[in-house]
Amino acid sequence: MLKVGVLGAGHLGKIHLRLLQQSDKYELVGFYDENQENAERISKEFGYKNFSTIAKLIHAVDVIDIVTPTLSHYKCAKVAIKSGKHIFIEKPIANTVDEAEEIIALAKEYNVKGQVGHVERFNPAFIATKNMIENPMFIETHRLAEFNPRGTDVPVVLDLMIHDIDAILSVVKSKVKNISASGVSVISDTPDIANARIEFESGCVANLTASRISMKNMRKTRFFQKDAYISVDFLEKKCEVVRMKDAPETPGDFDMILQNAEGVKKQIYFTNPDVEQNNAILDELESFANAIVTDTTPVVTLEQATDALRVAYQIIDCFQK
């Protein structure tokens, strides 16, 4: 079992603490939170060991799980890496692309592994369909959330849309060619609603919408490719695949057939792939333990998370123009 310590015991930090304590791949040593009043309360309530300094916690573990506000990710990662510890960082990897690139350089220099918490990669509906997504040419995503003041310290692109940016980059094997976007600030100092269009060199186009002031929650992505349409509902953890094949000579009574202007007939097939329910946060943390123990590449690398952050900032730059 790998000894692990958690930096940050806010809303998400408490979830990480609970799951790491349950895991049979980690031994939870304790945590550090700069708000000592909060730290003492959590320690008293749940029995986790509360460390008085970051340095003491880092010294006692093999792996540091960074669940602090984004602004401090770089500082925390730097200290942990220079102490030779593997790092798991919540998304986004850092506050700036420069910071993210320095985290990558430090991890290489000190020969430690890093993984970033892009948890939708572990969403069971995405896992069930990922191997079916082949050369998509149009992608549409909607990630809408009811208002929560907890996320408003960063633009909605870094808070919500970055999940979809990372998922798209993981399946589109092509470089980004062009980005256009618009954003509207409604209640925060930074945009609360954003729409972005990402064009890839392959010809694929992704249209992303994110909002944190919606009346209902929605997290849906649709992938369109030749002879197939794949729908992934990240919130409900459901998926649907619609495929088209050449129609049989004599269709059955219940076969769905389309015919185009040239007379070509296609049969439509609907399938709902099996979705194995899981705890995505626990799975991502345990996958990182596996990568360390087996010396393999983590599922979400520091480099991939930096690519997602780079695209996110290109979108934010469009707002300012």
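Definitions and cut-offs
- Residues numbered from 1 in each chain as written.
- Predicted model: local features only at pLDDT ≥ 70, side-chain atom pairs only at ≥ 80, totals over all residues.
- Heavy atoms only, no water.
- Pairing = 2+ DSSP bridges.
- Helix = DSSP H or I, 4+ residues; strand = E, 2+ residues; numbered from the N terminus.
- Axes fitted to C-alpha atoms, helices over the stretch in contact; angles between N-to-C directions.
- Contact = heavy atoms within 4.5 Å.

Draft legend 1. View of the sheet that holds strand E4 (residues 86–90). A sheet is described by the order of its strands in space; here five strands give the open sequence E2-E1-E3-E4-E5, paired in parallel fashion. The open sheet has two edge strands, strand E2 (26–32) and strand E5 (114–117), and neither has a second partner. Averaged over all neighbouring strand pairs, the angle between strand axes comes to 20°, with direction disregarded. Of the strands in this sheet, strand E1 (2–7), strand E3 (63–66) and E4 touch helix H4 (residues 73–82), which is tilted by about 170° from E4. Running at roughly 160° to E4, helix H8 (residues 280–294) makes contact with E1, E2, E3, E4 and E5 of the sheet.

Draft legend 2. Representation of unusual backbone geometry within the structure. Lys91 connects to Pro92 through a cis peptide bond whose omega is -10°. Mapped onto the fold, Pro92 is located in the loop between E4 and helix H5 (97–109). A positive phi angle, close to 50°, is found at Asn135, a residue other than glycine. Mapped onto the secondary structure, Asn135 falls in the loop between helix H6 (124–129) and strand E6 (138–144). In the Ramachandran plot, Lys237 falls in the positive-phi region, its phi being about 60° despite a non-glycine side chain.

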